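The residues making up each chain are set out below.
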Amino acid sequence: MPTELSVNLNAVAMLRNRRDLPWPSVTALGRIALDAGAHGLTVHPRPDQRHIRFSDLPALRQLIDDEFPLSEFNIEGYPSDEFLDLVESVAPEQVTLVPDDPSQPTSDHGFDFRAEKDRLKPIVERLKGHGARVSIFADPDPEQMEFAAETGCDRVELYTGPYGATFDDEEAARREIEKLGATAERARSLGLGVNAGHDLTVANLPPLITRFPDLAEVSIGHGLTADALEYGMAETVRRFRRACGQTV
Ligand SMILES: CC(=O)[C@@H](O)[C@H](O)COP(=O)(O)O
Ligand SMILES: NCC(=O)COP(=O)(O)O
């Protein structure tokens, strides 16, 4: 199975929020992305709503339900009570839990599963009880995977930020890919699905997928939105789908 692409709309929302105007529309860009063959849409409604607003979620849910019923909605966030209530009101196909502090400028680490597995277990159960697939953000560390599996989650999402940062250092990129590959293989051996995300691009995706072809899904926003300014959203989604190994 080729790796699926979920388009993260955070950066589109960030651009929209610069003015008190409704464009660019996250729903309109989400429609273009899905129409171009993206498997799903991802949003990360942070507590300060710096980009994705809680009010964006119902319209994106409606878009998928009405026009793209085979596509998936993936909502990322820290599992606060407010986030869990918000997620349950929208019923996404996938929830991706991240350990972000509200003050963080972006996501920059995964959960410490060894320390937090017992706290995460009931949260995972609650979300799965509402029909969601649960993915949890993880650092590329094979030793954390057995503890991740103990949470009962369906997948881990490997944090690829350090790999993305090696865009100008081939040796460092090789090291990061090997860490990601070893972690992914350990996760698969424990029955976990594997997603990946953060600072992925058309250039750095193929080596990652070659190292670990069983990657279920990548969620991409920043680099994809940057390319969309140059190539348009539809062509950019096609470019990223090809980089995922899909025939487009
Ligand atoms: C979890 C992850 O790596 C990203 O999906 C995250 O949502 C990026 O957040 P910002 O778009 O706020 O930087
Ligand atoms: N989970 C990663 C994601 O959704 C988007 O990350 P980025 O491509 O904006 O770095």
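Quick caveat: nothing in here was measured; it's all calculated off a predicted structure. (Residues numbered from 1 in each chain as written. Chains lettered and ligands numbered in written order. Predicted model: local features only at pLDDT ≥ 70, side-chain atom pairs only at ≥ 80, totals over all residues. Heavy atoms only, no water.)

Draft legend 1. A look at the site of ligand 2. Around ligand 2 sit Asn8, Thr42, Glu76, Glu157, Gly197, His198, Asp199, Ser219, Ile220, Gly221 and His222, and those are all the residues in its vicinity. Separating a nitrogen atom of ligand 2 from a side-chain N or O atom of Glu157 is a distance of 2.5 Å. If ligand 2 stood free it would expose 310 Å²; the protein chains cover 90% of that surface. Split by residue class, the shell around ligand 2 holds 1 nonpolar, 7 polar and 3 charged. (Near = heavy atom within 4 Å. Polar contact = N/O pair within 3.5 Å; in protein donor to acceptor, adjacent residues only side chain to side chain. Areas by Shrake-Rupley, 256 points an atom, 1.4 Å probe, with all protein chains shown as cover. Nonpolar A, V, L, I, M, F, W, Y, C, P; charged D, E, K, R; others polar.)

Draft legend 2. Layout of the environment of Ile75. By the secondary structure assignment, Ile75 is in strand 3 (residues 72-77). Note on Ile75: relative accessible area 0%, which makes it buried. Remark: the alpha-carbon pair of Ile75 and Val87, spanning 12 residues in sequence, is separated by 7.2 Å. Beyond its immediate stretch of four places on either side in the chain, Ile75 contacts Val43, Pro45, Leu57, Phe83, Val87, Val90, Pro92, Gln94, Val95 and Thr96. (Helix = DSSP H or I, 4+ residues; strand = E, 2+ residues; numbered from the N terminus. Buried < 20%, exposed > 50% of the residue type's maximum accessible area, 1.4 Å probe, protein only. Contact = heavy atoms within 4.5 Å.)

Draft legend 3. Region of the structure containing the pairing of strand 7 (residues 193-197). Burial analysis of strand 7 places 5 of its 5 residues in the buried class, the great majority of the element. Neither face of strand 7 is left uncovered, since the one carrying Gly193, Asn195 and Gly197 and the one carrying Val194 and Ala196 both have all their residues buried. When strand 6 (residues 155-159) meets strand 7, the two strands line up parallel, connected through 5 bridges. In the sheet register, Arg155 faces strand 7, and the bridge partner there is Gly193. Two elements, strand 7 and strand 8 (residues 217-220), share 3 bridges in a ladder whose sense is parallel. Each residue of the ladder has a partner; that of Gly197, found in strand 8, is Ser219. (Pairing = 2+ DSSP bridges.)

Draft legend 4. Up close: the site of ligand 1. If you check the shell around ligand 1, you find Asn8, Asn10, His44, Arg46, His51, Glu76, Val98, Thr106, Ser107, Phe137 and His198 and nothing else. Here an oxygen atom of ligand 1 and a side-chain polar atom of His51 are 2.7 Å apart.

Draft legend 5. Region of interest: the UniProt feature "binding site: 1-deoxy-D-xylulose 5-phosphate" (unreviewed entry) in the chain. As annotated by UniProt and renumbered to match this structure, "binding site: 1-deoxy-D-xylulose 5-phosphate" (unreviewed entry) occupies Arg46, His51 and Thr106. On the basis of their most widely separated C-alpha atoms, the annotated residues across 61 residues gather in one place, lying no more than 11.5 Å apart. Mapping Arg46 onto the fold places it in the loop between strand 2 (40-43) and helix 3 (57-67). Residue contacts for Arg46: discarding those within four places in its chain leaves His51, Phe54, Asp100, Gln104, Thr106 and Ser107. (UniProt positions renumbered as here; feature names shortened; annotations may be inferred.)

Draft legend 6. Local environment of unusual backbone geometry. Here the residue pair Trp23 and Pro24 is connected by a cis peptide bond, since its omega of -5 degrees sits within 30 degrees of zero. By secondary structure assignment, the location of Pro24 is in the loop between helix 1 (10-16) and helix 2 (26-35). Notably, Gln49 is not glycine yet its phi reads approximately 50 degrees, a positive angle. Examined against the element boundaries, Gln49 turns out to sit in the loop between strand 2 and helix 3.

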